[in-house]
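These are the residues of each chain, in order.
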Amino acid sequence: MSELKRSLSFTTLSIYGVGTILGAGIYVLVGEVVGEAGLYAPLAFLVAALVASFTAMSYGELSSRLPDAGGPSAYANEAFGRAWFSNLIGWAIVATGVVSASTILTGFVGYLHTFVEPPGWLVITIAALVLGSVAAAGVEASAKFMTATTVAGVAGLLYVIFAGVSQMDKLGALMNQAPAITNLTTLAGVASAAFLAFYSFIGFEDMVHMAEEAKEPTKNLPPAIVVAVVVSTILYIVVVGSALLVIEPSAMAESKAPLVDVVEKAGYPGWPLALLSLWIILNGALAQIIMASRVIY
């Protein structure tokens, strides 16, 4: 079997990780998380980040000890030496990649409907074929695509933050509306939302599957995972907090493109954000395709 080409630097790995996490996260899940936690949605993302960080640190340590594209399946094989067990884990990971890509592309359809409304199945099929072609072109082409789409996605989130900052005068009233955090119903909502928000951090797992294509993986991969998780956490918390200054939690929960609704409610055009969000969502789906292909390899 031929070896994979080591072409990903620390910077590229970090950008790849941020893009993967964001693509699977806030653009698609924010409505559901806000629907569960209400005004405490930023806290739910923080709790999810803290829980995810333990797994992320474990992945960072394991990837430095065993820089293998198989990721968890390779770690299990090294630990237990049971081919059937590591194969089971590998195919389970592939299955999660398929489900994740499908979920992300469903979110893509929601944002695309801001412009046009073609059949969802057709959009998902075409998008999957295009992304499969990008993945097949090789890791360098994929990394360039993901860098460009990550920049677009972060720009979109900064646009949401800008829209929220324009509504800062509402902060006092909003804090007064928040129910007591000690309320059992509130705590249950935050816990449920954190459970959902955890999904928005799983992109760090995809990073370890790039170990055989990373330059000096034992040195570069663990800190790149840390950077990706920290940057994503900060963006999530600030963006959700900004959004809640503009729009009611119930309205966000019901929206198919909640962040677009936020900037429009703040008095700004929503189409630039919808356009930018399409790219970062594709980023997340591409990462799942790349991840699954490396596990199969």
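Look up: the structure comes first, before these words.
Right, let's walk through the structure included here. (Residues numbered from 1 in each chain as written. Predicted model: local features only at pLDDT ≥ 70, side-chain atom pairs only at ≥ 80, totals over all residues. Heavy atoms only, no water.)

1. A few points about helix 9 (residues 184-198)
Then, number 1: For helix 9, spanning 15 residues, the distance from its first C-alpha to its last is 21 Å, which sits close to the expected 21 Å at 1.5 Å a residue.
Then, number 2: Three or more residues of helix 9 are buried, namely Thr186, Gly189, Val190, Ala193, Ala194 and Ala197. An end-on view of helix 9 places all buried positions within 135° of arc, on one side of the element. Exposed residues lying more than 90 degrees from the buried face of helix 9 are Leu184, Thr185 and Phe195. (Helix = DSSP H or I, 4+ residues; strand = E, 2+ residues; numbered from the N terminus. Expected span 1.5 Å × (residues − 1). Buried < 20%, exposed > 50% of the residue type's maximum accessible area, 1.4 Å probe, protein only. Arc of directions from axis to C-beta.)

2. Here we look at the nonpolar core
Then, number 1: Within the largest apolar cluster, 86 residues are counted, with the highest numbers of intra-cluster contacts made by Tyr27 and Leu259.
Then, number 2: The biggest single contributor to this core is helix 11 (residues 217-244), with 11 residues.
Then, number 3: Leaving out residues up to four positions away in the same chain, Leu259 has contacts with Tyr27, Val30, Tyr111, Leu157, Val160, Val239 and Leu273.
Then, number 4: By size, the runner-up hydrophobic cluster in this structure holds 5 residues, among which are Ile93, Val94, Met291 and Ala292. (Core = buried A, V, L, I, M, F, W, Y, C linked by side-chain atoms within 4.5 Å. Contact = heavy atoms within 4.5 Å.)

3. Looking at the packing of aromatic side chains
Then, number 1: Per the counting criterion, the structure on display carries 9 aromatic pairs.
Then, number 2: Here a set of aromatic residues connected by ring pairs shows up, and it is made of Phe45, Phe201 and Tyr236. (Phe/Tyr/Trp six-rings, centres within 6.5 Å; stacked < 30°, edge-to-face > 60°.)

4. Thoughts on the packing of helix 5 (residues 83-112) against helix 14 (residues 271-296)
Then, number 1: Packing of helix 5 against helix 14 leaves a shortest axis separation of 9 Å and a crossing angle of 165°. When the axes of helix 5 and helix 14 are compared, the pair comes out roughly antiparallel. Two packed elements cross with a definite hand, and for helix 5 against helix 14 that hand is left-handed.
Then, number 2: Classifying every residue of the contact of helix 5 with helix 14 gives 18 nonpolar, 8 polar and no charged. (Axes fitted to C-alpha atoms, helices over the stretch in contact; angles between N-to-C directions. Parallel < 35°, antiparallel > 145°, perpendicular 65-115°, else oblique. Left-handed = near helix turned anticlockwise from the far one by under 90°. Nonpolar A, V, L, I, M, F, W, Y, C, P; charged D, E, K, R; others polar.)

5. Points about a nonpolar patch on the surface
Then, number 1: Residues Leu43, Leu46, Val47, Leu50, Val51, Ile181, Leu184 and Leu187 make up a contiguous nonpolar surface patch of about 660 Å² in total accessible area.
Then, number 2: Of all the secondary-structure elements, those providing two or more residues to the nonpolar patch are helix 3 (41-65) and helix 9.
Then, number 3: A per-element tally of the nonpolar patch places helix 3 first, with 5 residues.
Then, number 4: Residue position: Leu46 is located in helix 3. (Patch = residues over 30% accessible without salt bridge, like charges linked within 9 Å, V, L, I, M, F, W, Y side chains within 5 Å. Areas by Shrake-Rupley, 256 points an atom, 1.4 Å probe, with all protein chains shown as cover. Salt bridge = Lys/Arg side-chain N within 4 Å of Asp/Glu carboxyl O.)

6. A short note on the packing of helix 3 against helix 9
Then, number 1: Where helix 3 contacts helix 9, the axes come no closer than 8 Å and their chain directions differ by 55°. As the angle between them shows, helix 3 and helix 9 are arranged oblique. Note that helix 3 runs across helix 9; the crossing there is right-handed. Along its contact with helix 3, which presents Leu43, Ala44, Phe45, Val47, Ala48, Val51 and Ala52, the element helix 9 presents Val190, Ala193, Ala194, Ala197 and Phe198.
Then, number 2: Partitioned by chemical class, the residues of the contact of helix 3 with helix 9 number 12 nonpolar, no polar and no charged.

7. So, the environment of Ser200
Then, number 1: Relative to the helices and strands, Ser200 resides in the loop between helix 9 and helix 10 (203-208).
Then, number 2: Remark: the alpha-carbon pair of Ser200 and Thr114, spanning 86 residues in sequence, is separated by 23 Å.

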